[in-house]
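Listed below, chain by chain, are the residues.
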Amino acid sequence: MFNSKEYEWASITVVMGGRNMTGIRGVKYHTKQEKEVLYAKGNKAHAIQRGNKSCEGSITLLQSELEALTRAAGGDLLDANLNLIVAYGNPSQGEPISTDIIKGVEFTDVPKGMSQGDKFSEHELPFIALDVDYNAV
């Protein structure tokens, strides 16, 4: 039997610093690697040389979640170093679980603000990290 059901937002669980993030509105992350084409004799590429790998991303939180995470981090999120666990899948719906562990997350910016007419306040916090262990569990 083939199941074409895709993961949806309701199928994602995010845990940061041991806290289940219920006020999260978004998460994105990626890894990248420096690469450069190496030329030698002739005018065609000889090889592709590889350099450093890096990890970065962001989480988008509601104000209440941001405040709770700030308190849990001792008052300053810019000083925190946390792991971020993102689990995709809902086994009760027959979906397999896929878990990514983002290691050594440190936030680079903690924005705050609201505008007239806002019904809630959400904040996107960019981060850098040491590594991403895709499909860790």
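Predicted, not measured: the structure shown is a model, and the values here were computed from it.

A. Structural context of the overall build of the protein. The helix and strand inventory of the protein stands at one helix and eight strands. Secondary structure of the protein in N-to-C order comes out as β-β-β-β-α-β-β-β-β. For 137 residues, the compact-globule estimate of 2.2 N^0.38 gives 14 Å, and the C-alpha radius of gyration of the protein, at 19 Å, exceeds that figure by more than 25%. Based on the C-alpha atoms only, the size of the protein along its principal axes is roughly 60 × 45 × 30 Å. The buried share of the protein, reckoned over its 137 residues, is 31%. A separation of at least 24 residues holds for 62% of the contacts in the protein among residues at least 6 apart in sequence. Surface accessibility of the protein: about 9200 Å² in total, with carbon and sulfur atoms responsible for 49%.

B. Quick look at helix H1 (residues 63-72). Looking only at H1, the buried set comprises Glu65, Leu66, Ala68, Leu69 and Thr70. Residues of H1 that are buried sit in contact with strand S1 (12-16), strand S2 (19-20), strand S4 (45-62), strand S5 (82-88), strand S6 (98-107) and strand S7 (122-129). Of the residues trailing H1, Gly74 is marked for its positive phi of about 85°.

C. Molecular detail of the pairing of S6. Here S6 lies mainly inside the structure; eight of its ten residues are buried. Direction of pairing for S5 relative to S6: antiparallel, over a ladder of six bridges. For Tyr88, the partnering residue across the bridge sits in S6 and is Ser98. Pairing of S6 with S7 involves two bridges; the strand directions are antiparallel.

D. Quick look at the nonpolar core. Within the largest apolar cluster, 23 residues are counted, with the highest numbers of intra-cluster contacts made by Met16, Ile59, Leu84, Ile102, Phe107 and Phe127. For this core, the secondary-structure elements that each account for two or more residues are S1, strand S3 (24-39), S4, H1, S5, S6 and S7. With residues up to four places along the chain from it excluded, the contact list for Phe107 reads Met16, Ile59, Leu69, Leu77, Leu78, Leu125, Pro126 and Phe127.

Rules behind the numbers
Residues numbered from 1 in each chain as written. Predicted model: local features only at pLDDT ≥ 70, side-chain atom pairs only at ≥ 80, totals over all residues. Heavy atoms only, no water. Helix = DSSP H or I, 4+ residues; strand = E, 2+ residues; numbered from the N terminus. Rg over C-alpha atoms; globule rule 2.2 N^0.38 Å. Buried < 20%, exposed > 50% of the residue type's maximum accessible area, 1.4 Å probe, protein only. Contact = heavy atoms within 4.5 Å. Areas by Shrake-Rupley, 256 points an atom, 1.4 Å probe, with all protein chains shown as cover. Pairing = 2+ DSSP bridges. Core = buried A, V, L, I, M, F, W, Y, C linked by side-chain atoms within 4.5 Å.

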